[in-house]
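Secondary and tertiary structure notes
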There are 2 protein chains.
Amino acid sequence: MHKIGYLGPEGTFSQQAAQHYCFNKQEAALVSLPSIREVLLSVQRNELDLAVIPFENSLEGSVNIVLDVLAWEVDLLIVDELILPISQTLMVTPGADWERISSVYTHPQSAGQCRLFLETHLPQAKVYLTSSNAEGANQAQMSGRTAGAIGPEAAADKFGLQVVLRNIQDKNNNFTRFVVVGKKSIHLPAGRNKTSIVFSTEHTPGSLACILDIFNLWDINMTKIESRPSRGQLGRYIFFIDIDGHLSNPDVRDALTMVQRKTNFYKFLGSYPMAEID
Amino acid sequence: MHKIGYLGPEGTFSQQAAQHYCFNKQEAALVSLPSIREVLLSVQRNELDLAVIPFENSLEGSVNIVLDVLAWEVDLLIVDELILPISQTLMVTPGADWERISSVYTHPQSAGQCRLFLETHLPQAKVYLTSSNAEGANQAQMSGRTAGAIGPEAAADKFGLQVVLRNIQDKNNNFTRFVVVGKKSIHLPAGRNKTSIVFSTEHTPGSLACILDIFNLWDINMTKIESRPSRGQLGRYIFFIDIDGHLSNPDVRDALTMVQRKTNFYKFLGSYPMAEID
């Protein structure tokens, strides 16, 4: 039986993603853990086989803790990805008037995705940030008719709340990209693939341009670039880059060999099938 | 009298930064507002002359809401910057045993800066995220001896809590870069300067490399690059770049003219004196 970890508790978008990933996989048991770091460290310690982790959202951007742990704390590979539509719902105690609630409980990512809704439709409500959307629904349920929560519909079901509005995020098209991480690849190269790396360059002018020119030289398309402060220094960055193609492709292999030569920190984060938007 | 806005309430790092900026400026009145977006919009509507805004932290990275509002919602210029050391302190009810607290109230940025401390020294404590560190101290004070808060020492003073540990962030060198924004520049070009821009390129291979090559061509040093999802599309990004030099420098002017030619969205965010680390 494969053990697959996710950020719990039950009733989070991460649980939905993990269930989606395990659909039709008979030999999988889902394991809920209280923090993303704990989920990743558990895979590193072989206590889990795989983990399904939120990586970036189309409105709020990357999940910093995931980037930092993958870069510095574990040696894990991205083995798969899923892109799921995210509908943020407003939920209240059954029968309560949502326009009169004075407090809203939700996770910072969901609050960030619903900023305009909160400022426009609930200016009187105070926003309390919670460690998960399930916890937010729990808090709202305990607070009674003057409170609401924002999160996945599943959280309403779990905590006996009523969904009063759906798709309240600031853009209709709201997607989160989840990645599946493990100790070794699980797919052979077939179809369209993506490769993820993280690196830092010398702190000299043109050093990042040099790396991007390498991908140009080998005609490799870059699909993502993201910077993070490098080990806590303002003005020094590490870069997360995704490119089209699998490491088994000679061009990808040669380009990445050159990238290694031109960087002072380099880590391969995996080649895996590119997700279609579900 | 100049009105200078900041993210309140009193007892936040933003208030400290605003006070630091106004030190020795006789004609300034500080105005506290409840959200960063509200602070920026108030400057846009001429209700404030300037605002002091957290921009990036050396441990947690950029403040997303600032990037998004500057890119899409307002036409403001960065006119100055400050880099301040940030000491996260743990505060509890006077006389309480900090190792036994069961809950910690703090802002997500501070929680992110103290992740390892929380997991290592307070594994039993539940972390409640608040809209500001001042609000966190307020909640901890109301919750009594089983609760603590993380934030600036000023918050402990304001809410009658006792500081039990200082510098509990995950790295000793913890800095936040604050920017001062307004409608027009307030400094003449003198000394070392920085220029900030935001842009997006065509979604074609090599388009970002082309922009970075422009800076190379004009021998301009890039001090920051940061990506954000572009108006809510996964895989499309806008880029925030800081370069050395002032727009009045002919090389900077010519390079940025070329950058405008090669981008499909471009916004100048200001030329301003480069901060020394205080």
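A quick note: this is a predicted structure, and the numbers were derived from the prediction, not measured. (Residues numbered from 1 in each chain as written. Chains lettered and ligands numbered in written order. Predicted model: local features only at pLDDT ≥ 70, side-chain atom pairs only at ≥ 80, totals over all residues. Heavy atoms only, no water.)

1. What about the interface of chain A and chain B?
Contact residues are listed per partner, giving 52 residues for chain A and 52 residues for chain B. On the surface where chain A and chain B come into contact, there are six salt bridges. We note a salt bridge from A:Glu135 to B:Lys126, for which the minimum N-O separation is 3.3 Å. Summed over the shared surface of chain A and chain B, the number is 11 residue pairs in polar contact (both at pLDDT 80 or more). Among the elements that line the side of chain A that touches chain B, the one with the most residues is strand S13 (residues 222-230) of chain A, at eight residues. When its residues are assigned to classes, the side of chain A that touches chain B shows 19 nonpolar, 17 polar and 16 charged. (Contact = heavy atoms within 4.5 Å. Salt bridge = Lys/Arg side-chain N within 4 Å of Asp/Glu carboxyl O. Polar contact = N/O pair within 3.5 Å; in protein donor to acceptor, adjacent residues only side chain to side chain. Helix = DSSP H or I, 4+ residues; strand = E, 2+ residues; numbered from the N terminus. Nonpolar A, V, L, I, M, F, W, Y, C, P; charged D, E, K, R; others polar.)

2. Some words on the pairing of strand S9 (residues 147-151) of chain A
Residue and element names in this part refer to chain A. Taking burial as the measure, the five residues of S9 include five buried ones, the bulk of the element. Here four bridges tie strand S6 (residues 89-92) to S9, and the two strands are oriented antiparallel to one another. Residue pairing in the sheet places Met91 in a bridge with Ala149 of S9. Here strand S7 (residues 103-106) runs beside S9; their pairing, made up of three bridges, is parallel. Considered in S9, the bridge of Tyr105 is made with Ala149. (Buried < 20%, exposed > 50% of the residue type's maximum accessible area, 1.4 Å probe, protein only. Pairing = 2+ DSSP bridges.)

3. Structural notes on the sheet that holds strand S14 (residues 233-244) of chain A
Residue and element names in this part refer to chain A. Taken together, the four strands give an open sheet; going across it, the order is S13-S14-S12-S15, and neighbouring strands pair in antiparallel fashion. Looking at the sheet topology across the chains shown, the edges are occupied by S13 and strand S15 (265-273). On average, each strand axis in the sheet is tilted by 15 degrees relative to the strand beside it, whichever way the strands run. For strand S12 (residues 193-200) and S14, the ladder comprises six bridges, and the chain directions are antiparallel. (Axes fitted to C-alpha atoms, helices over the stretch in contact; angles between N-to-C directions.)

4. Examining the sheet that holds strand S12 (residues 193-200) of chain B
Residues and elements named next belong to chain B. The strand order S13-S14-S12-S15 describes an open sheet built from four strands, whose pairing is antiparallel. Two strands in the sheet have a free side with no partner beyond their single neighbour: strand S13 (222-230) and strand S15 (265-273). Taken over all neighbouring pairs, the strand axes of this sheet differ in orientation by 15 degrees on average, direction set aside. Packing against the sheet, helix H9 (residues 250-261) makes contact with S12, strand S14 (233-244) and S15, and its axis sits at approximately 5 degrees to S12.

5. Concerning helix H2 (residues 36-44) of chain B
Burial runs high along H2(B): seven of the nine residues are buried. Here H2(B) has its buried residues at B:Ile36, B:Arg37, B:Val39, B:Leu40, B:Leu41, B:Ser42 and B:Val43. Elements that come into contact with the buried residues of H2(B) comprise helix H5 (115-121) of chain A together with strand S1 (2-7), strand S2 (28-33), strand S3 (50-57), helix H3 (64-72) and strand S11 (175-182) of chain B. Following H2(B) by one or two positions, B:Asn46 adopts a phi angle in the positive range, close to 65 degrees.

6. Focus: the environment of B:Glu10
All names here are of chain B. By secondary structure assignment, the location of Glu10 is in the loop between S1 and helix H1 (13-22). Judged by relative accessible area, which is 43%, Glu10 ranks as partly exposed. Considered as a pair, Glu10 and Ile241 are 231 residues apart in the sequence and their alpha carbons are 32 Å apart. Residues contacting Glu10, with those up to four places away along its chain left out, are Gln15, Ala134 and Lys158.

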